[in-house]
Amino acid sequence: ATRPTSLAPRRRSDRLHTYGPRMINWVLLMASLSAGVVDGAASFARQPRLSAAAVPGSQVWCDNDDFPPGPAALIGPALSPADASGSSLYPVAAESPRDTSLVGRWAERCELAQIGADIDRGCSCGCVSRLPLASVRECRTKNKERAVGGSQAIRNHAHARFTACLRTPPDGSVQPKSFDFRTVEGNPCCIIGMAVQEGFLLSYAHTQKNKVLNGLAP
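About the cut-offs
- Residues numbered from 1 in each chain as written.
- Predicted model: local features only at pLDDT ≥ 70, side-chain atom pairs only at ≥ 80, totals over all residues.
- Heavy atoms only, no water.
- Core = buried A, V, L, I, M, F, W, Y, C linked by side-chain atoms within 4.5 Å.
- Buried < 20%, exposed > 50% of the residue type's maximum accessible area, 1.4 Å probe, protein only.
- Helix = DSSP H or I, 4+ residues; strand = E, 2+ residues; numbered from the N terminus.
- Contact = heavy atoms within 4.5 Å.
- Expected span 1.5 Å × (residues − 1).
- Arc of directions from axis to C-beta.
- Phe/Tyr/Trp six-rings, centres within 6.5 Å; stacked < 30°, edge-to-face > 60°.
- Axes fitted to C-alpha atoms, helices over the stretch in contact; angles between N-to-C directions.
- Left-handed = near helix turned anticlockwise from the far one by under 90°.
- Nonpolar A, V, L, I, M, F, W, Y, C, P; charged D, E, K, R; others polar.
- 1 Å grid on protein atoms, 1.4 Å probe; cavity = no way out; pocket = protein on both sides within 12 Å on 5 of 7 lines; lining within 4 Å.
- Points joined across faces, edges and corners; volume = space filled by probe spheres on them.

Chemist: Explain the nonpolar core to me, please; I cannot follow it from the model alone.
Modeler: Generally speaking, nonpolar side chains in soluble globular proteins are found buried as a group. Counting residues in each nonpolar core, the largest one holds 23 residues, and the members touching the most others are V128, F162, F179, F181, M194 and F200. Secondary-structure elements contributing two or more residues to this core are α3 (112–121), α4 (133–147), α5 (151–164), α6 (191–198) and α7 (202–213). For this core, the leading source of residues is α6, giving 4 residues. Non-local contacts of M194, meaning those with residues more than four positions away in its chain, are made with R161, F162, C165, F181 and C189.

Chemist: Could you clarify how one ought to interpret α4 in this entry?
Modeler: Turn by turn, an α-helix covers 3.6 residues, leaving residues three or four places apart pointing in a common direction. Helix length check: α4 (15 residues) gives 21 Å between terminal C-alpha atoms against 21 Å at 1.5 Å per residue, within 8%. Within the sequence span of α4, burial applies to S135, V136, C139, R140, N143 and A147. Here the buried residues of α4 occupy an arc of 125° about the axis, which is enough to place them on one side. Among the exposed residues of α4, those oriented more than 90 degrees off its buried face are A134 and E145. Looking at the buried residues of α4, the elements they touch are α2 (102–109), α3, α5 and α6.

Chemist: Help me out: how do you make sense of the side chain of Q197 in this one?
Modeler: Secondary-structure assignment places Q197 in helix α6. The class for Q197 is buried, based on a relative accessible area of 0%. What Q197 contacts, discounting residues up to four positions off in sequence, is L131, S135, V136, C139, R140, R161, T183, V184 and E185.

Chemist: Is there a simple way to think about the packing of aromatic side chains in this case?
Modeler: Any pair of aromatic rings gets described here by the distance separating the centres and the angle formed by the planes. Counting across every chain of the model gives 5 aromatic pairs. Where F162 meets F179, the ring centres are 6.3 Å apart and the plane angle is 90°; that geometry is what we call edge-to-face. Residue F162 is found in helix α5, and its partner F179 is found in strand β2 (residues 178–179); the two are separated by 17 residues along the sequence. Of the residues examined, F162 reaches a relative accessible area of 1% and is grouped as buried.

Chemist: Would you mind going over the packing of α5 against α7 with me for this structure?
Modeler: Helix packing geometry: the angle between the two helix axes and the distance between the axes. Following both chains from N to C, one finds α5 and α7 inclined at 65°, their axes separated by 9 Å at the closest point. As α5 packs across α7, the resulting crossing turns out to be right-handed. For the pair α5 and α7, the contacting residues are I154, R155, A158, H159, F162 and T163 in the first and Y204, A205, Q208, K209 and V212 in the second. Looking at side-chain class alone, the contact of α5 with α7 contains 6 nonpolar, 3 polar and 2 charged residues.

Chemist: In this structure, what is going on with the environment of V103? I would like to understand it.
Modeler: Its place among the elements puts V103 in helix α2. The exposure class assigned to V103 is partly exposed, which follows from its relative accessible area of 33%. Taking the C-alpha atoms as reference points, V103 and V148, 45 residues apart in sequence, are found 6.3 Å from one another.

Chemist: Could you clarify how one ought to interpret the environment of E138 in this entry?
Modeler: Position of E138 relative to the elements: it lies in helix α4. When the C-alpha atoms of E138 and C110 are compared, they prove to be 8.4 Å apart, with 28 residues separating the residues in sequence.

Chemist: Just to check I follow, could you spell out the layout of surface pockets for this structure?
Modeler: Over the atoms, a rolling probe the size of a water molecule traces out where space has been left empty. Computed from the structure, the largest pocket encloses a volume of approximately 260 Å³. Taken together, 13 residues form the lining of the largest pocket, with D118, R121, V196, F200 and L201 sitting closest to its centre. Those elements that place two or more of their residues in the lining of the largest pocket are α3 and α6. Residues that form the lining of the largest pocket fall into these classes: 6 nonpolar, 3 polar and 4 charged. Taken as a whole, the second largest pocket encloses approximately 160 Å³ of empty space. For the second largest pocket, the full set of lining residues is L102, R105, W106, R109, S151, I154, R155, F200, L201 and Y204. The set of elements that each furnish at least two residues to the lining of the second largest pocket consists of α2 and α5. Tallying contributions element by element places α2 first for the lining of the second largest pocket, with 4 residues.

So this is what it looks like as structure tokens:
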């Protein structure tokens, strides 16, 4: 008896007809992947390279002729010119370190960009948006001058500002109950407005307010 057609062994030509196109597609795929890897490696080799040794405080140098000459942004750690190799060197100015001292931090708070950012954050009552820019800068500049004498001078000033804003109860109680915050111009404001004008952090302003409220020294 003859075997059913569906169970008969497949001829070699049928197998080639089925798997041949698959093999061709697989070969083409591997060839394209290999070409992509080679192209990526060549592109990486053309990128600017920096020397490995870093010397803080010097300029940044590049040792690849493909790097465009002229001014450019900071592209890495500062390198010594002696560590660079190649036919052309392109110096890039290194970024100056940030001054984290007390006077340096107050100098940042006196910058117009920082003042504008603090005012833009606003407050719930709207007093911050009504603060004069010149007045804010003047108050912060005075605090920067106080910072030369140390943080205690700023704490004394903050303590005096909050003490002047105490609202004494009508019955003459010794312990005050609330504050009547005012700007240096005498306009009513909230604690955020007072902090923005003086350049205080909000947490610092609340700390000084609680000290005055509880009769503690600055």
